[in-house]
Each structure stands twice: as C-alpha cells, then as structure tokens.
Amino acid sequence: MDFRFGPEDDAFRAQARTWLEAHKGPGTGRAWERELGRDGWIGLGWEETGPGYGNRRASPAQQVVWAEEYARAAAPARVGHIGENLLAPTLIAYGTEEQRHRHLPPVARGEALWCQGYSEPGAGSDLAAVRTAAVRDTRRGGYAVTGQKIWTSLAVDADWCFVLARTERGSDRHHGLSFLLVEMDQPGRVEVRPIRQMSGTSEFNEVFFDGARAVEAVGGEGNGWKVAMGLLALERGVSTLVQQIGFAAELDRVLRAAVDGGAVTDPVLRARLVAQWAELRTMRWNALRTLCGAGGTGAPSVAKLLWGGWHKRLGELAVEIRGAAGAVGPRTWSAESPYELDDVQRLFLFTRSDTIYGGSDEIQRNIIAERVLGLPRETG
C-alpha cells in the first residue's frame, strides 16, 4: 500500500484550513450544515460518480485531509453526517438515477438531515429479526410502514429516515426486506420519542411508524438486506477515519490530564497510555489500508472491533487517571439537574455502549468466524 499526500493535497489542506479558521464560530446544527454546503464542503468526491451530486471532485486523500483539518479546528459537531456518509454512498451504489438526483443535492447543500431506521426492540445486533412491516399502497403507490425503531440517532431533527422493513408478508430473517425512504414530517403517522441516557443526554430516540408513507425502495423491493449490509460496511469501515481523528483529540486530553495530575508517574497507567496511542495508530493504518482496497470481507467487522474496544478502554483510563475525583460531579446534585457530569464522566459512560451499538462485538466475531475463516455456524 502506498498512501501519501502530494502537492495537490497540501494545497487542498491549506484551503480547508483557511476556510475553517474564517468560518468556524458559534453556529451549530442546521445553520452550520447550510454554511458547509453553501461553500462546497459536503459531498466531497461525489462529483466523481455523477454530475450535480456533490460539490467537489475531491480525491480520497483530500477527503482524509478535510477530516483531519475539521478535527484540528475543533469545528462544530455534524448533524448531517448520516445523510452525507451513510445514505449518500448507499444511493450512489444501489439507488436509481432519479433517487440520486432527488436526494443527494439537498444533502450536499446542508438542507436535508437523515436518520437511520435499523434497530428495533428485539432486533438490535440481530438485524435480520426486524418486524417493522411495509405493505403496498395500491391507491397512492409506495408503501405504508408500521412498526417501531429504536436507538435512532438525531431522529428528532431529521427530515428523512431510511428504514429497513419487511415488505414480504410471512418472510423470515434476511429474506423479504426492503430499504425504504420515509419522510419524517407525517403528523399522526411518525412519532419520535427521545431516550434519556444515564449520561443525561438524548442523542438516541424511539421512532414509531403508524401507516407512514414510503414512496421509494432503494435497490428494488426485497433487496433490503443487500443494501443494508452495504451501508453497514460504510458505517463500520472507512468512515472510521474521521472518527479516529476525534479519538486522537480525546486521547490527547487524557494524556494532558495524566501529566498535569501526576498520574503519568504510575508505570502501569503510563504503559496503558502508550498502548492506547499505539493502538490508535494501528487503527489509522488499517483504515487507510481499507481505503486503498485491501482488507477483504471482514474489514468492516475488524474495524468495529478495534475502535469499539479502544474507545471503551480510553473512557475507563480517563476516569482512573482522575482517581477519586472522577466520581465527583462538577456541581452538587439536585432534583432539577441530577445528571451534571464533566467531559471525562460523559466519555466513560457513553463509551460503555461502543462495543454494543452498530453491531455488538459478539456479532462482529461471528461474522469474521463464518464469512472470513469459514467456521461452521453456531447451532442451538
């Protein structure tokens, strides 16, 4: 593998850095997405697959450069990343020309926000157990979707949701599923309920569909499992490069806390800090290797196992470095504000979920065992 940044990439880096320094400010959420889209920083590289889809003909290396500069600038958290990094590549790979022209430009302009309707109660890591049903609407066309999704990130703000639903009555497991596009603004037919977590935040939501209309099926009716697995490969694989840049910033803060508080003098904690740094570098080179076409069928599962465990261990390490102070919140507890936590405590609590959501570690190991190593499936 030969992954190097050339002169064009250096020029692109300077352009990205200059723009971020000039525009990064208090704006967040939709306003920030529109600002990014207005100046062409969403959908980098989409123009390589079709005219009018995105904003720039950025190479894979330049997309990595943008992610690095974005993290370096500590720019606002993105609320459009599901549409840009998951839905859009899926439409490019499996959608029709009409679907791409309808949905990609609004994402590239920062105007359309998406969420992902996969997991359900009883169908989380075992995604093939989904029960949300969609039946043909013979009068208006499309489908009527009924069911419940859970752990749906950013659903409360989303305009659209891509939903994995069972379109073949009586079908089982991965058969008879379709990948449907559902508009969220359907009063009485789509309800979103935020889920309050032990960290005090509500990034996740429950979504209830009661005859909600879905006009489009990506990849054709009955091919939802193939499309869904293609999307999960994007979620668990190369897109982790952007995630790792954020991880590096978190590790740097933990390291500074260890130095400032004297914990770095403990040889055990010092060895663990070094291990975290080395493992993060390993994850980066593995992701770059995947970006260059290596890794094979098991690459997404390997990536998920690597980053999930790494991030969980970082949260544990951050609290241990703080010592007893890690158990004390920044404010006195009260009924009005019972979840006052600092950044380290939020990191520790949230990273407990990293080895579960997006496909648990057990599921990833089964995929590697069965699809890569050729081991027999579990029975019983």
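Criteria and cut-off values
Residues numbered from 1 in each chain as written. Predicted model: local features only at pLDDT ≥ 70, side-chain atom pairs only at ≥ 80, totals over all residues. Heavy atoms only, no water. Helix = DSSP H or I, 4+ residues; strand = E, 2+ residues; numbered from the N terminus. Expected span 1.5 Å × (residues − 1). Buried < 20%, exposed > 50% of the residue type's maximum accessible area, 1.4 Å probe, protein only. Salt bridge = Lys/Arg side-chain N within 4 Å of Asp/Glu carboxyl O. 1 Å grid on protein atoms, 1.4 Å probe; cavity = no way out; pocket = protein on both sides within 12 Å on 5 of 7 lines; lining within 4 Å. Points joined across faces, edges and corners; volume = space filled by probe spheres on them. Nonpolar A, V, L, I, M, F, W, Y, C, P; charged D, E, K, R; others polar. Pairing = 2+ DSSP bridges. Phe/Tyr/Trp six-rings, centres within 6.5 Å; stacked < 30°, edge-to-face > 60°. Patch = residues over 30% accessible without salt bridge, like charges linked within 9 Å, V, L, I, M, F, W, Y side chains within 5 Å. Areas by Shrake-Rupley, 256 points an atom, 1.4 Å probe, with all protein chains shown as cover.

Peer 1: How should helix α9 (residues 299-322) be read in this particular structure?
Peer 2: In a regular helix each residue adds 1.5 Å, so 24 residues correspond to 34 Å; α9 covers 35 Å between its end C-alpha atoms and thus fits that length. Within α9, 17 of the 24 residues are buried, leaving the element largely enclosed by the surrounding structure. Immediately beyond the C-terminal end of α9, within one or two residues, lies G323, with a positive phi of roughly 70°.

Peer 1: Explain the pattern of salt bridges here, please?
Peer 2: Here the structure, examined in full by the defined rule, presents 24 salt bridges. The partner of R322 in a salt bridge is D342, with the nearest N and O atoms 2.7 Å apart. Residue R322 is located in helix α9, and its partner D342 is located in the loop between α9 and α10 (343-350); the two are separated by 20 residues in the primary sequence. The exposure class assigned to D342 is buried, which follows from its relative accessible area of 17%. One network of salt bridges, in which partners are shared, links R13, R17, E21, E68, E69, R72 and R284.

Peer 1: It is not clear to me how helix α2 (residues 29-38) should be interpreted in this structure. Could you clarify?
Peer 2: Each α-helix winds once per 3.6 residues, and so residues spaced three or four apart point in a common direction. Of the positions making up α2, those classed as buried are G29, W32, E33, E35, L36 and G37. Once α2 finishes, G40 follows within two positions and takes phi at roughly 85°, a positive value.

Peer 1: Help me understand the layout of surface pockets, please; the structure alone is not making it clear to me.
Peer 2: One water molecule sets the probe size; rolling that probe over the atoms shows where empty space is left. The calculated volume of the second largest pocket comes to roughly 280 Å³. Elements with a contribution of two residues or more to the lining of the second largest pocket: α3 (60-72), α7 (240-261) and α8 (267-291). Per-element accounting of the lining of the second largest pocket gives the leading share, five residues, to α7. Tallied by class, residues from the lining of the second largest pocket come to seven nonpolar, one polar and six charged.

Peer 1: Mind showing me how you'd approach the pairing of strand β1 (residues 114-117) here?
Peer 2: Regular strands have side chains that alternate between both faces of the sheet. Because side chains alternate across β1, one face comprises the buried residues W114 and Q116, and the other comprises C115 and G117, equally buried. Pairing between β1 and strand β4 (residues 160-166): four bridges, direction parallel. Residue pairing for β4: Q116 is matched across the bridge by F162.

Peer 1: Quick question: what am I supposed to make of the side chain of H103 here?
Peer 2: As for its placement among the helices and strands, H103 is situated in helix α5 (residues 97-108). What makes H103 buried here is its relative accessible area of 4%.

Peer 1: Help me understand the packing of aromatic side chains in this model?
Peer 2: The relation between two aromatic rings is expressed through the spacing of the ring centres and the mutual angle of the planes. Tallied over the full model, the rule gives 15 aromatic pairs. When the centroid spacing of 5.4 Å and the interplanar angle of 15° are considered together, the rings of F162 and F179 count as stacked. Separated by 17 residues along the polypeptide, F162 in strand β4 and F179 in strand β5 (residues 177-183) bring together distant segments of the chain. The burial state of F162 is the same as that of F179; both residues are buried.

Peer 1: When you look at a nonpolar patch on the surface in this model, what are you seeing that I'm missing?
Peer 2: There is a patch of nonpolar side chains on the surface, built from V372, L373 and L375 and spanning about 280 Å² of accessible area. Relative to the assigned elements, V372 resides in helix α11 (residues 361-372). Given the relative accessible area of 43%, V372 is considered partly exposed.

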